[in-house]
Structure formats: structure tokens, C-alpha cells
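# Structural description and commentary
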Amino acid sequence: ALIDGFSKIPTHQKKMVYLCQLLIRIAEGKNLECHFENEERMSPLESALSFWTLLEREEIKLEKLHGDIRRLIQIQIVAVHMENGYFKEAAEVLERLFTDSESDKPLRVKLASIIKSKDPYVPLLQTFSYDLLTSKIKSYIEPFMKRTETNFLIQAATKHVESKGLGATALQNKTMNENDKRNLETNQRFVLSIILLRDMLGQKLTTSTFSIFKFWLFYGCLNSLQNVEKHGDALACGRRRQRWTYKEDLELKSGIREFGVGNWAKILVHGDFNNRTSVMLKDRWRTLCRIE
């Protein structure tokens, strides 16, 4: 169904396929070089928005959550373009995203003003962040996943693990509290999926099967991220985005003059940067080139 089109999807399976398509696009949302549609100017998040519209039609009980997620996707479509230095494209995206309805006008005006400022780190974009988007989507997906525990991947992975004599006995410990049990169950499902994927890599994976794997792996990552947030372990989910300072930009330019473009590791070692990596230096230089 993922390959051949929605006309072949049984009604009761439509939501699962829409979710697969949505999460695959959210996972690649910050990669503007990735295209899911024939039209190359359409970013992954724009494509994700079309599938979110289909999901909204399937379920009307969660209107506030639907509205929150739609707004977050729209804001992040613009934010991702700005973070990559594509300000002209961000303005074009804004025109495509919003209609002339009065309800959309306040957000449209705010985003237009932000694009003119050419500052991807304004408070609005930081408040309605990518992390918040993934958290909201996770809160939408969790009830659905609980209702469909017996999906294909879990059944297949469980049988595969059992056939190798790998039992999941930890849940038999009666002293565990309910939160611990839920976390362990989530981790076990994730591990089962990894084991099955590992043993299937030697075989030919169809695009549809791999899409389902990507869907489940991304769902597992969202679970991990939320658990990290609950326990305050910020380092486990990556560095928090830090705005580049004027001094850091000068250090970067000085390093490039001394060592040349591409020698990011040397520039990093000899420069005074605030907890940066060589990849961050490369991305920042690309952004500076586009802005200038």
C-alpha cells in the first residue's frame, strides 16, 4: 500500500499507513535534500503536513491536539528553511502554506515578519520547536499504538526471538512498579524490532517493509526522548541548540583563513568555541555563506 497507492488499502488499515508516511517524513524533516514527492521544492515537512490532513479527517475527537500539531508543522516548515539559510524559499513556503482565512492571518503575519528579520533563533521559533513537535506527535500516536499492540512487527519479532531461545523474563519480577513495567515493555518492543531488523539485513527488504521498520524505530526514539525529558537527562538526547555568537563567527572565519575550508577539526581545536563540534562548524559556515 505504501508503494502502490491508497486505493488498495483496506479502510481499517488506512490510519496505520498514514502514520507510517507521516513519521517517515517527520524523521527526515530537517533534511531539505530529501524529497518524498515528485515536486522537488516540496520539503519533507510540507509532505508530512498533507498526511497530517488525512489523519485529521480520520479522527475528529482530538481537535485541539490536531490544531496544535498542524501549527507546529507549519512553523517548523518555515524554521527549517531559515536554519539552513534559505530565506527566499521560506517566504515562498509561507505563501503555499496559508490560505487567506482570518484564522490563519495572525500566524502568517508573525512568520512573515520573522523571515524578514532573517533570524532563525527568535523566541517564537524556539518556543514552537522541533522537539515540541515530536513530543506532540508522540502523544497523539501512543493511544493508537496501545490499541494495536499485536501489529505485524511485534508478532514477527517476538516469534523470531523465541525461536532463538531468547526469553523476555524481566517482566516476571513482581516487585517492579507500574512505571518500570511500562518502560521495560517499551524497551523490549524496541529491542525485539532491532533484533529482527539485524537478522533481516542479509535478506532483500522491500520498500514497504523497510518503511514499517523506520516507522517503528522512530516511534521507539520518540519514547526514548520523552523518557529522557522526564528524568532531566538532557545530555542523553543531544546538545541543546545554542545560538551562535558574534565572537564564535569571528573565530570560525579566522580559522578558515588560517586552515582553509574543510579543515573543521583543526579549526575546532585551535578556536574558542562554545561546546561545538566540527559538523556544527561546517553547517554554520554554510549558513554564513548563504546569508552573506
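From a predicted model like this one, the values you see are computed outputs, not experimental measurements.

### Some words on the overall build of the protein chain
Counting its regular elements, the protein chain contains 13 helices and zero strands. Secondary structure elements of the protein chain occur, N-terminal to C-terminal, as α-α-α-α-α-α-α-α-α-α-α-α-α. For the protein chain, the share of sequence-separated contacts (at least 6 apart) that also reach a separation of at least 24 residues comes to 62%.

### Brief notes about the packing of aromatic side chains
For the structure shown, the criterion picks out two aromatic pairs. When the centroid spacing of 4.9 Å and the interplanar angle of 75° are considered together, the rings of Trp-52 and Tyr-140 count as edge-to-face. Of this pair, Trp-52 sits in helix 2 (residues 44-58) while Tyr-140 sits in helix 7 (residues 130-147); the two residues are 88 residues apart in sequence, bridging distant segments of the chain. Residues Trp-52 and Tyr-140 agree in their burial class; the two are buried. Judged by centre distance (6.2 Å) and plane angle (70°), the ring pair of Trp-244 and Phe-273 falls under edge-to-face. You can see Trp-244 sitting in the loop between helix 10 (207-231) and helix 11 (246-259) and its partner Phe-273 sitting in the loop between helix 12 (264-270) and helix 13 (278-291), a full 29 residues away along the chain. With a relative accessible area of 10%, Trp-244 lands in the buried category. Positioned above the aromatic ring of Trp-244, the side-chain terminus of Arg-276 is 4.3 Å from the ring centre.

### Side note on the pattern of salt bridges
This structure, assessed with the given rule, holds 14 salt bridges. Note that Arg-70 and Glu-56 form a salt bridge whose closest N and O atoms lie 2.7 Å from each other. Of this pair, Arg-70 sits in helix 3 (residues 63-83) while Glu-56 sits in helix 2, placing them 14 residues apart in sequence. The exposure class assigned to Glu-56 is buried, which follows from its relative accessible area of 18%.

### Describing helix 1 (residues 14-27)
Between its first and last C-alpha atoms helix 1 spans 20 Å; for 14 residues at 1.5 Å apiece the expected length is 20 Å, and the two agree. Burial of helix 1 is extensive: 11 of the 14 residues sit out of reach of the surface. For helix 1, the set of buried residues is Lys-15, Val-17, Tyr-18, Leu-19, Cys-20, Gln-21, Leu-22, Leu-23, Ile-24, Arg-25 and Ile-26.

### Digging into the environment of Ile-267
Here Ile-267 is to be found in helix 12. Residues Ile-267 and Ile-256, spaced 11 residues apart in sequence, show a C-alpha to C-alpha distance of 7.0 Å. The contact partners of Ile-267, leaving out residues within four places of it in the chain, are Leu-252, Gly-255, Ile-256, Phe-259, Gly-260, Phe-273 and Leu-281.

So, how was this worked out
Residues numbered from 1 in each chain as written. Predicted model: local features only at pLDDT ≥ 70, side-chain atom pairs only at ≥ 80, totals over all residues. Heavy atoms only, no water. Helix = DSSP H or I, 4+ residues; strand = E, 2+ residues; numbered from the N terminus. Contact = heavy atoms within 4.5 Å. Phe/Tyr/Trp six-rings, centres within 6.5 Å; stacked < 30°, edge-to-face > 60°. Buried < 20%, exposed > 50% of the residue type's maximum accessible area, 1.4 Å probe, protein only. Lys NZ or Arg CZ within 6 Å of the ring centre and 35° of its normal. Salt bridge = Lys/Arg side-chain N within 4 Å of Asp/Glu carboxyl O. Expected span 1.5 Å × (residues − 1).

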